[in-house]
Amino acid sequence: MIRVSAGNGQIRAFFVRNSDMLERTREIHQLSPVAAAALGRTMAATAMMAQMLKASGQKITIRINGGGPLGTVLCVADYDGNVKGLVDYPQAETENISPEKLNVGAAIGKDGEITVIKDLGMKTPYIGTYPLTNGEIAEDLTAYFLHSEQQPSSVGLSVKVNVDYSILTSGGFIIQVLPDISEKELRLLESRLLNLPPLSELYETLRDPETVMHTVLDGLNPIVSEEKKVVFHCDCSRERMEEALISLGAKELSSIIEEDGHAEIKCHFCLEAYQFNKMELRKLNIEALGE
Ligand SMILES: [Zn+2]
């Protein structure tokens, strides 16, 4: 992932290639091609938007719910480059638009909204939400940026899946213009974006984000200001699962101890299962009683 400044500092842009993290997520959740496309696009966007935050530890969540067969798409990324994501129904399928083109819009649906939650480590997170445009994610985010953050942006997201369902490429960009951009540079940027070959083609042939960036921002004097590795990483832990159990309350915990004698909690993102035996549950129950 790279952060780029162009057009005399009046254009800021992010380019990411996230094929590996998507492949990892596909293996964990057994994603259908269209689920992989929806999740890969959302993961790319979330990873880039996390770089708009200010400090280590801050994170961003994107939730898209359009009423389509995939259910909710949920991605979380932090400033340090860790990304995770899931969809409610990972095996959901839709009819392709053409043999090569997956119908992400139909899989997500457009009867709903996109929600962006920024956790900056303060007491309350910032939450922005905007109705979906077409469920294709890039257009939905463009509208979100414009109306919820008053930030004119161009968002490009693309995922290509192999015939064996593995991920060929996943990548994208977010390009934002600042108020003092000159008319000439704005027109040049617009014409670059208008005449761009399909993004999936760019990422397939050029592969790395920097080469893609130089093609997209040709003539606008782009400078890479930062490079960062983005990876799939789930931050679930036994401690967090213990906290979740304690938050059920003493009454609920007592009944689990009596009826089942053990508990298994599965992380929704990485599907790791955490086991708790009777003795451990009793200990948590004592903590729950103290709260
Ligand atoms: Zn996990």
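All values derive from a computational prediction rather than experimental measurement. (Residues numbered from 1 in each chain as written. Predicted model: local features only at pLDDT ≥ 70, side-chain atom pairs only at ≥ 80, totals over all residues. Heavy atoms only, no water.)

**Some details on helix H4 (residues 138-148)**
Residue pairs spaced three or four apart in an α-helix point in one direction, given the helix's 3.6 residues per turn. This is how it is decided: A simple rule labels every residue: compare its accessible area, found with a 1.4 Å probe on the protein chains alone, to the largest value its type can have, and call it buried under 20%, exposed over 50%, or partly exposed in between. Comment: elements are numbered from the N terminus, with helices defined as DSSP H or I runs of at least four residues and strands as E runs of at least two. Should any heavy atoms of two residues lie within 4.5 Å, those residues are counted as being in contact.
Among the residues of H4, Ala138, Asp140, Leu141, Ala143, Tyr144 and Phe145 are the ones counted as buried. Considering only its buried residues, H4 is in contact with helix H2 (33-50), strand S3 (59-65), strand S6 (113-119), strand S7 (126-131), strand S8 (153-161) and strand S9 (167-177). Of the residues flanking the end of H4, it is Gln150, one or two places downstream, whose phi is positive at about 50 degrees.

**A closer look at the nonpolar core**
Note on soluble globular proteins: their nonpolar side chains tend to be buried together. Threshold: Definition used in this section: a nonpolar core is a set of buried Ala, Val, Leu, Ile, Met, Phe, Trp, Tyr and Cys residues joined via side-chain atoms within 4.5 Å. Start and end positions for the domains come from either an automated domain assignment or a database one.
Judged by nonpolar contacts, the single largest core of 72 residues is most densely connected at Met49, Ile108, Leu141, Leu157 and Phe276. Here this core gathers at least three residues from each of two domains, domain 1 (2-232) and domain 2 (238-290). With residues up to four places along the chain from it excluded, the contact list for Met49 reads Ile60, Ile62, Val116, Leu141, Tyr144, Phe145 and Ile174. In this structure, Ile11, Ile175, Ile181 and Leu220 belong to the second largest nonpolar core, which totals 20 residues.

**Section: the pairing of S8**
Cut-off, in case you're wondering: Here the rule is simple: two strands pair whenever DSSP picks up at least two bridges between them.
Among the nine residues that make up S8, seven are buried, leaving the element largely enclosed by the rest of the structure. Counted along the chain from S8 to the antiparallel partner S9, the turn is five residues long, and its residue Tyr165 has a positive phi close to 75 degrees.

**Section: the packing of helix H9 (residues 250-259) against helix H10 (residues 278-290)**
Using the following cut-off: Helix axes use the C-alpha atoms of the stretch in contact, all axes being lines fitted to C-alpha atoms, and the angles between their N-to-C directions lie in the range 0 to 180 degrees. The labels follow the angle: roughly parallel below 35 degrees, roughly antiparallel above 145, roughly perpendicular from 65 to 115, and oblique for the rest. In this scheme the crossing of two helices becomes right-handed for a clockwise turn of the near helix relative to the far one and left-handed for an anticlockwise turn of less than a right angle. Here the term charged refers only to Asp, Glu, Lys and Arg, the term nonpolar to Ala, Val, Leu, Ile, Met, Phe, Trp, Tyr, Cys and Pro, and the term polar to all other amino acids, Gly among them.
Taken N-terminus to C-terminus, the directions of H9 and H10 make an angle of 165 degrees; their axes are 9 Å apart at the nearest point. One element, H9, and the other, H10, form an angle in the roughly antiparallel class. The two elements H9 and H10 cross, and the hand of that crossing is left-handed. In contact with Ala250, Leu253, Ser254, Ile256 and Ile257 of H9, H10 contributes Lys278, Leu281, Arg282, Leu284, Asn285, Ala288 and Leu289. Looking at the contact of H9 with H10 residue by residue, the class counts come to eight nonpolar, two polar and two charged.

**Details of the side chain of Thr94**
Let me state the cut-off plainly: Any N or O atom pair separated by 3.5 Å or less is treated as a polar contact, with the protein-specific requirement of one donor-capable and one acceptor-capable atom, and with residues adjacent in sequence counted only for side-chain atom pairs.
Position of Thr94 relative to the elements: it lies in the loop between strand S5 (82-87) and helix H3 (104-108). A distance of 3.4 Å separates a polar side-chain atom of Thr94 from the backbone oxygen of Asn103. In contact with Thr94, other than residues within four places in its own chain, are Val34, Pro69, Asn103, Ala106 and Ala107.

**Here we look at the coordination of the zinc ion**
Going by this rule: Any N, O or S atom lying within 2.8 Å of the metal counts as a donor, with the limit raised to 3.2 Å for Na, K and Ca; because water is left out of the atom set, some sites can appear incomplete. Key to geometry: four donors with every angle between 85 and 135 degrees are tetrahedral; four donors are square planar and six octahedral where opposite donors lie over 155 degrees apart and all remaining angles lie between 65 and 115; all other sites are irregular.
Cys234 (SG), Cys236 (SG), Cys267 (SG) and Cys270 (SG) make up the full set of protein donors to the zinc ion, lying at 2.2 to 2.3 Å. Considering all four donor atoms around the zinc ion, the spread of angles at the metal, 103 to 116 degrees, places the coordination shape in the tetrahedral class. Written as a sequence motif, the donor arrangement for the zinc ion is C-x1-C-x30-C-x2-C. Taken together, the residues span a long stretch of sequence, with Cys234 in the loop between strand S11 (231-232) and helix H8 (238-247) and Cys267 in the loop between strand S12 (263-266) and strand S13 (273-276) at a distance of 33 residues.

**Description of the packing of helix H6 (residues 199-206) against helix H7 (residues 209-216)**
One way to put it is that H6 packs onto H7 with a least axis distance of 9 Å and a crossing angle of 130 degrees. The angle between H6 and H7 places the two elements in the oblique class. Two packed elements cross with a definite hand, and for H6 against H7 that hand is right-handed. When H6 is examined against H7, the residues Leu199, Leu202, Tyr203 and Leu206 are found in contact with a partner set consisting of Pro209, Thr211, Val212, Thr215 and Val216. Looking at the contact of H6 with H7 residue by residue, the class counts come to seven nonpolar, two polar and no charged.

**Points about the environment of Ala37**
Position of Ala37 among the secondary structure elements: in helix H2. Overall, Ala37 belongs to the buried group, its relative accessible area being 1%. Spatially, the C-alpha atom of Ala37 lies 9.4 Å from that of Leu157, the residues being 120 residues apart in sequence. When residues no more than four places from it in sequence are discounted, the contact partners of Ala37 are Leu102, Val104 and Val159.

**Re the sheet that holds strand S4 (residues 72-78)**
Spatially, six strands are ordered S7-S6-S3-S4-S5-S11 in an open sheet, and the strand pairing comes out mixed. Looking at which strands have only one partner, the edges of the open sheet turn out to be S7 and S11. As defined by bridge partners, S3 adjoins S4 across seven bridges and the pair is classed as antiparallel. Opposite Asn65, over in S4, you have Thr72 as the bridge partner.

**Some words on the packing of aromatic side chains**
Test applied: When the centres of two rings from Phe, Tyr and Trp lie within 6.5 Å, Trp using its six-membered ring, the rings pair. Their planes under 30 degrees apart give stacked, over 60 give edge-to-face, and anything left gives tilted. Charge over a ring is defined by NZ of Lys or CZ of Arg lying within 6 Å of the ring centre and within 35 degrees of the ring normal.
The tally for this structure, following the rule as stated, stands at two aromatic pairs. Where Phe15 meets Phe173, the ring centres are 5.5 Å apart and the plane angle is 40 degrees; that geometry is what we call tilted. Of this pair, Phe15 sits in strand S2 (residues 11-17) while Phe173 sits in strand S9, and the two are 158 residues apart along the sequence. The burial state of Phe15 is the same as that of Phe173; both residues are buried. Above the ring of Tyr79, the side-chain terminus of Lys228 is found at 3.7 Å from the ring centroid.

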